[in-house]
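Take a look at the letters that make up each chain.
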Amino acid sequence: MRIVFASFLFAMSATAFAETPRIISLGGGITELVCALDACDKIVAVDTSSTFPESLKALPKVGYARNLSVEGIVALKPTMLLLDADAGPPHVIQKLEALKIPITKVNSGSKLEDARVRIKEVAAALGTPDKGEKLLKEFDTKIAKLSSYQNEKVKKRVLFIYARGGKHLMVAGDNTAVSTLLTLMGAQNAIQGIDGFKPLTAEAVAAAKPDVILMTQSGAESIGGRDAVFALPGIKITPAGANKKLFLDSDLELLTIGPRTADVIEAMHTELGLKG
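Just so we're clear, the structure is a prediction, and the values are computed from it rather than from any experiment.

S.K.: Sorry if this is basic, but what is going on with the state of the cysteines here?
M.R.: Joining two cysteines, a disulfide is a covalent bond between their sulfur atoms. Scanning all chains against the criterion turns up 1 disulfide. Here C35 is linked by a disulfide to C40, with a sulfur-sulfur distance of 1.9 Å. Its torsion about the S-S bond being 55 degrees, the disulfide of C35 and C40 is classed as right-handed. Under the relative-accessibility criterion, C40 is labelled partly exposed at 22%.

Written out as structure tokens, the structure reads:
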């Protein structure tokens, strides 16, 4: 079986790919950009984090972007892989590169400038730089309209909890997409002085004194829903816990800065009660 598959891989590397683009997009934010650049019809498969737009549900899935397999990707005969630095595991990416499948590695940062770079990189990979410039201008125009939010004097403290089951609970600090969203909407990240995601502790939550808990819908469901969130260590003694303030949204909207970010921020600004 291994010999047969090895022969198949060799054949893949030795033959030319079809002229019609066959894109496999790995990462929800990257996939959303491909579609925003009018190339959704060129995608033949995505990873499980690629949930927008709805039309993607009908496409084959190649697993989670950080846990890929060579066989599943090669079988779909891609002419291009779009992924970021977190895609893997590394040995799978190395094998795909050895097969001469064109791979474009896209910026994975969490700041506004990183999002701008991503737009340009994906547009360049698709061969549509003009569409990239147009999308970038639209992105900047929408973000600029949010500037008044940052001038508000009273800033609610928002705690983001990342959950994948009760044994995997993290809080978001600086240099995360969440911290960028909170700054843009005129809120304050309740977690200060840490970089990236760190394990949730009762002490950290209590010290953060959040007014609102922010989570992904799937994260809350993974630990048992809203009631389970308020039962997490330290939550009950916070203002958010006492007032049952919890806001849920999709993983893609909370964990990625992209074309819909301004719309997400406007909705959250209202839902979190931040308007004057």
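There is more to say after this.
S.K.: Sorry, what's going on with helix α6 (residues 129-144) here?
M.R.: Given 3.6 residues per turn, any residue in an α-helix points the same way as the ones three and four places further on. Here α6 contains 16 residues, and its C-alpha end-to-end distance of 22 Å stays within 8% of the 22 Å for a straight helix at 1.5 Å per residue. Buried within α6 we find G132, L135, L136, F139 and I143. Buried positions in α6, seen along its axis, are confined to an arc of 105 degrees and lie on one side of it. Exposed and oriented more than 90 degrees from the buried face of α6 are D130, K134 and K137. Each element contacted by the buried residues of α6 is listed here: α2 (28-36), α5 (112-126), α7 (177-184) and α13 (261-271).

S.K.: Could you clarify how one ought to interpret the pairing of strand β9 (residues 212-216) in this entry?
M.R.: A regular strand places its side chains so that they alternate between the two faces of the sheet. With 5 of its 5 residues buried, β9 lies for the most part within the structure. Alternating residues of β9 divide into V212, L214 and T216 and I213 and M215, and every residue in both groups is buried. Inspection of the sheet shows strand β5 (residues 157-163) paired to β9 by 3 bridges, in the parallel sense. Across the sheet, L159 pairs through a bridge with I213, a residue of β9.

S.K.: Quick question: what am I supposed to make of the packing of α2 against α5 here?
M.R.: Packed helices, taken two at a time, are described by the angle their axes make and the gap between the axes. Where α2 meets α5, the axes come as close as 10 Å, and the angle between the chain directions of the two elements is 60 degrees. One finds that α2 runs oblique with respect to α5. When the axes of α2 and α5 are compared, the crossing they make is right-handed. Across the interface between the two elements, I30, L33 and V34 of α2 pack against R118, I119, V122 and L126 of α5. Residues belonging to the contact of α2 with α5 are distributed by class as follows: 6 nonpolar, no polar and 1 charged.

S.K.: I'm lost on unusual backbone geometry in this one. Help?
M.R.: Glycine aside, negative phi is the norm for most residues, and most peptide bonds take the trans geometry. Cis geometry marks the peptide bond from F52 to P53, where omega comes out at 0 degrees. Within the element layout of this structure, P53 appears in the loop between β2 (43-46) and α3 (70-74). In this chain, G88 is followed by P89 through a cis amide linkage whose omega measures 5 degrees. Turning to its location among the elements, P89 is positioned in the loop between β3 (80-84) and α4 (90-98). Look at K209: it is not a glycine, yet its phi comes out positive at around 50 degrees. Within the fold, K209 resides in the loop between α8 (202-208) and β9.

S.K.: I keep staring at the environment of A124 and nothing clicks. Help me out?
M.R.: By the secondary structure assignment, A124 is in helix α5. The exposure class of A124 is exposed, given its relative accessible area of 53%.

Thresholds, definitions, all that
Residues numbered from 1 in each chain as written. Predicted model: local features only at pLDDT ≥ 70, side-chain atom pairs only at ≥ 80, totals over all residues. Heavy atoms only, no water. Disulfide = S-S within 2.5 Å. Buried < 20%, exposed > 50% of the residue type's maximum accessible area, 1.4 Å probe, protein only. Helix = DSSP H or I, 4+ residues; strand = E, 2+ residues; numbered from the N terminus. Expected span 1.5 Å × (residues − 1). Arc of directions from axis to C-beta. Contact = heavy atoms within 4.5 Å. Pairing = 2+ DSSP bridges. Axes fitted to C-alpha atoms, helices over the stretch in contact; angles between N-to-C directions. Parallel < 35°, antiparallel > 145°, perpendicular 65-115°, else oblique. Left-handed = near helix turned anticlockwise from the far one by under 90°. Nonpolar A, V, L, I, M, F, W, Y, C, P; charged D, E, K, R; others polar.

The values reported here are purely geometric and, on their own, carry no functional implication.
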